[in-house]
Amino acid sequence: MNKTVKDYIRTIVDFPQDGILFRDVTTLFSDARGFRMAIDQLLTPYAGLRIDKVAGLEARGFILGGAVAHQLSTGFVPIRKKGKLPGRTIAQSYTLEYGEAVVEVHDDAMQPGETVLLVDDLLATGGTAEAGIRLIERLGAQVIGCAFVVDLPDLGGRTRLEAMGMDVHALCAFDGH
């Protein structure tokens, strides 16, 4: 039987709190065949398109985004939590379930007119991805797609990003949260 990306993802019950089914992609990353499959599948919808940069959302998006950028022979841009980048940055806040968070990017990481593929491991509510998109657009670059390994459709992230006009690609989906 041929394994799919979903087969490599472990579910951990009641993490980080009771009632949560945590979708752990580290088991995917640690398997050479599974990791290669995920990177190849993240790229597939964008074959033939001009992609100037890949932006990855902290932290697992760095692992995926770096590998995707390598395959595309393009640059990688980290979108980090507030206070983690040296030099001049721009910031974007977003709402969490309880409170607010901020992500940042270097103010010279992308140039106007560049095309950017946004990459992360998991799409839940879409708040972090939306903040990343806003940062990219504020620098004058264009997001040509948002690629994720896992979509949690019950949490509405895909709908949120598609309402922004984004192309959303996910390798698999899990019900619940």
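All values reported here derive from a predicted model rather than from experimental measurement.

Asker: Looking at this model, I keep getting lost on the overall build of the protein. Mind explaining?
Answerer: Along the protein, the regular secondary structure elements total five helices and nine strands. When the helices and strands of the protein are read in sequence order from the N terminus, they spell out β-β-α-α-β-α-β-β-β-β-α-β-α-β. The C-alpha radius of gyration of the protein comes to 16 Å, within 12% of the 16 Å expected for a compact globule of 177 residues. The principal-axis extents of the C-alpha atoms in the protein amount to approximately 45 × 40 × 30 Å. The buried share of the protein, reckoned over its 177 residues, is 45%. Of all intrachain contacts in the protein linking residues separated by at least 6 positions in sequence, the fraction that spans at least 24 positions is 58%. Carbon and sulfur atoms form 49% of the exposed surface of the protein, whose accessible area is close to 8,900 Å². In the protein, which carries 18 positive and 23 negative side-chain charges, the distance between the mean positions of the two groups comes to 4 Å.

Asker: I would appreciate a short explanation of the packing of aromatic side chains in the present structure.
Answerer: The way to describe two aromatic rings as a pair is by their centre distance and the angle between their planes. Evaluated as defined, the whole model comprises three aromatic pairs. Both rings, one in Phe-15 and one in Phe-22, keep their centres 5.2 Å apart while their planes meet at 85°; by these two values the pair is edge-to-face. Lying over the aromatic face of Tyr-8, Lys-3 brings its terminal NZ or CZ to 4.2 Å of the ring centre. Stacked on the ring of Phe-174, the Lys or Arg Lys-6 has its end atom at 4.7 Å from the ring centre.

Procedures and definitions
Residues numbered from 1 in each chain as written. Predicted model: local features only at pLDDT ≥ 70, side-chain atom pairs only at ≥ 80, totals over all residues. Heavy atoms only, no water. Helix = DSSP H or I, 4+ residues; strand = E, 2+ residues; numbered from the N terminus. Rg over C-alpha atoms; globule rule 2.2 N^0.38 Å. Buried < 20%, exposed > 50% of the residue type's maximum accessible area, 1.4 Å probe, protein only. Contact = heavy atoms within 4.5 Å. Areas by Shrake-Rupley, 256 points an atom, 1.4 Å probe, with all protein chains shown as cover. Lys, Arg positive; Asp, Glu negative; His and termini not counted. Charge placed at Lys NZ, Arg CZ, Asp CG, Glu CD. Phe/Tyr/Trp six-rings, centres within 6.5 Å; stacked < 30°, edge-to-face > 60°. Lys NZ or Arg CZ within 6 Å of the ring centre and 35° of its normal.

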